[in-house]
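# Reading the structure
Residue-level listing of the chains:
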Amino acid sequence: MLQVVLLFAWMLVIAFLAFIACTFEDIESDIGSQSNPNSQVQLAAQVGQVNRFFNKAISGEPLSNAMYCVVAGTVVWMLLVRLEPLVPGATWKAAVVAIPVGVGVAALIHMIFSTTAHCGRVSAQKRFEQPIYLDVLYGHLLPIATHGFMTTFCITSIAYIQSNIGTLSGNPQLNHPFALPLLGFIWGITVGSIGSSTGDVHYGTEREFQDRPFGEGKRVVYHGKITRYADCGIRTQKDIAGFCAKFGGPCTGMTFGLIILFENWRTLVGMLLGGFLPDLPVFTASGDAAAIGGIVMGLLIVAAFVVGNLVFVKWVRKKCGPFVGV
Amino acid sequence: MTVTPAVEEEEGEAEAPKKGLSFKFPYDETEMALIAGIPAAIITIFTGLPAVIKGVGLLLALLWGMDSVRKTSKYGLGTGVPSIGVLGTGYGVIGALMGLAVVEYGAMPALGIYPAVLVGALFMAVLGLVSGYFSNNEKYIAMKIPRLERAMMELGMAGTLAMLLQFSIVTGTLAFQSVVDMVMETGVIAFMFIFTAMAMFHPYNACLGPDERRERTRMVSIEISGLLCIILGFAMLVLGTSPWGAWDGLSLIVFGAIVWFVFFRKFIKACMDECWETVGTGLIKTLG
């Protein structure tokens, strides 16, 4: 029974790490203007709004996050191969050294790619008279790297826990069949996609359109204005990080954390119902029972969310009035 | 989401269209494909070579892939740039597996010569050509991107050669079982996949804009290949697969570090020289 309790406990640790990872991922993408903001930053100079923004156009968020996590995962894997034989019986000691070092290497590579992206994009906008501000370049690299470090650290820890979850909870049979870099790749893609699709409050209704009725757009020509002036002085992305850390970042983190929590929870409950835990039987018909149990739990969760969202939106509309423009 | 600025046709191309092959520096795209593709294919066959030479082949293959991505994306693909790079790498993985499946035909394992892997590259060339034809043809998808067929074909070949070269660097051979054991089960293939994709699409994605210059963009690809070589060198050291001993991995690391440093420095210098202005700090224009 202790093993089942341990499995559920590790699942909660993974969900918590996922929450932190995606929170920092969203803020990191806001500092680098990699996500939604990117179009406004690029367009700004082209519509005559020279700006002091950092243009981190490495790629889409999913791919770039996959890259940091895979680099971290590969370095961690290499270090573990070398370090684990040195500490027999206490392999966690090797992990404690390997994970921060691997993630540090990933952060360095993150900074290299950010530099090439910013310099390349700005120099490709020569005809719009956009200069390279060196203080913008240097000043944003460390915030980007540190936020990226947090994301990559959490994701690599999740990958490490997953690939050793059986050993950690007492039954090595339950270890994830995928290697650590592959898990890092999958998790990186996931964290990037969710960070890209959720959050991003800065360029929506929150700031640019806040004097407008909800849902009403502005002409694209005016979008560049968001890069100009902050509450005091010229706006840079450090202002945006402070703004987005209040709501957008945690909101994104919650999305990812909840997805991980419910997904793992329903799988574990399904395995428990199907008789797969605490000991893995030889693969027989009980596998079907585990899968069916998990899927039914998943459907129940989805149904609960659909009903809950409907009730919540109805309540909000009633309380805050109808959306203008609908 | 990334929005593409409307990229104008290169002025140089409009002024003096080149006829045939001249091989004057800077090379045009066809010349670059020949210069990069043939040596990369030859280096792929001979797996007994030192890792540094394979690293040079990898650098050329990735440069060729980057040129194809640029050729495909120049006509206004914005968010499409990373997709094209990943598509090329996906082609590469499939082509490499295809090549590995037929690797034993005509192989000389004692000498480390595996000519049959190039079947994978040829297969991907055909597949790329067919998919390019279907996406461009008006009867089917009708994307109407100029020269898409050729670019897709080159992407498939460059991706396949790059993946095969990396397999050959890490395992020291191209025998199917050792590739599965050393590359796929250890998860190093994820690293190879993402870095190949990055070396292909990141340069053009990072330098996108009306004033993009091909020479400057290509420096980024070489610089990323240098980073790739450094980490592959460490992977070689950890797996201990090279017949040449630890020096093979170490020399690849040194080679990668030098390539990265030289071209990173060169690229940043080129950017700072060629942009509108490089200033330490300053206010935005309307404030004076």
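So, a few notes on the structure that sits alongside this text.

The rules behind these values
- Residues numbered from 1 in each chain as written.
- Chains lettered and ligands numbered in written order.
- Predicted model: local features only at pLDDT ≥ 70, side-chain atom pairs only at ≥ 80, totals over all residues.
- Heavy atoms only, no water.
- Helix = DSSP H or I, 4+ residues; strand = E, 2+ residues; numbered from the N terminus.
- Buried < 20%, exposed > 50% of the residue type's maximum accessible area, 1.4 Å probe, protein only.
- Salt bridge = Lys/Arg side-chain N within 4 Å of Asp/Glu carboxyl O.
- Contact = heavy atoms within 4.5 Å.
- Polar contact = N/O pair within 3.5 Å; in protein donor to acceptor, adjacent residues only side chain to side chain.
- Phe/Tyr/Trp six-rings, centres within 6.5 Å; stacked < 30°, edge-to-face > 60°.
- Lys NZ or Arg CZ within 6 Å of the ring centre and 35° of its normal.

## Let's talk about the overall build of chain B
The secondary structure content of chain B amounts to 10 helices and one strand. Order of helices (α) and strands (β) in chain B, N terminus to C terminus: α-α-α-α-α-α-α-α-α-α-β. Among the 288 residues that make up chain B, the fraction classed as buried is 57%.

## A word on the pattern of salt bridges
In the structure shown here, the tally under the stated rule is 13 salt bridges over all chains. One salt bridge connects Arg52 of chain A with Asp135 of chain A, and the closest N-O pair in it is separated by 2.8 Å. Here the residue Arg52 of chain A occupies a position in the loop between helix H2 (37-46) and helix H3 (61-83), and Asp135 of chain A occupies one in helix H5 (residues 134-163), the gap between them amounting to 83 residues. For Glu274 of chain B, the salt bridge identified is with Arg213 of chain B, shortest N-O distance 2.7 Å.

## So, the interface of chain B and chain A
Interface size, as often reported, equals the accessible area lost upon joining of the parts. With 59 residues of chain B at the interface, the matching set in chain A holds 56 residues. Linking chain B to chain A there are one salt bridge. At the boundary of chain B and chain A, one finds 20 residue pairs in polar contact (both at pLDDT 80 or more). Looking at the side of chain B that touches chain A, the elements that each hand over two or more residues are helix H4 (80-101), helix H8 (188-206), helix H9 (214-239), helix H10 (246-274) and strand S1 (278-279) of chain B.

## Focus on the packing of aromatic side chains
Aromatic ring pairs are reported here in terms of the distance separating the ring centres and the angle at which the planes meet. Enumeration over the complete set of coordinates arrives at 10 aromatic pairs over all chains. Considering the side-chain rings of Trp187 of chain A and Phe256 of chain A, the 6.1 Å spacing of their centres and the 80° angle between planes classify their relative orientation as edge-to-face. Placement of Trp187 of chain A in helix H7 (residues 180-197) and of Phe256 of chain A in helix H10 (residues 248-273) is noted, with a sequence separation of 69 residues between them. The class of Phe256 of chain A is buried, set by a relative accessible area of 0%. Three or more aromatic residues joined by ring pairs form one cluster here, namely Phe113 of chain A together with Phe191 and Phe195 of chain B. Its guanidinium or amino end placed over the ring of Tyr133 of chain A, Arg52 of chain A lies 5.0 Å from that ring's centre, counting from NZ or CZ.

So far we have only geometry, and geometry alone does not tell us how the molecule works.
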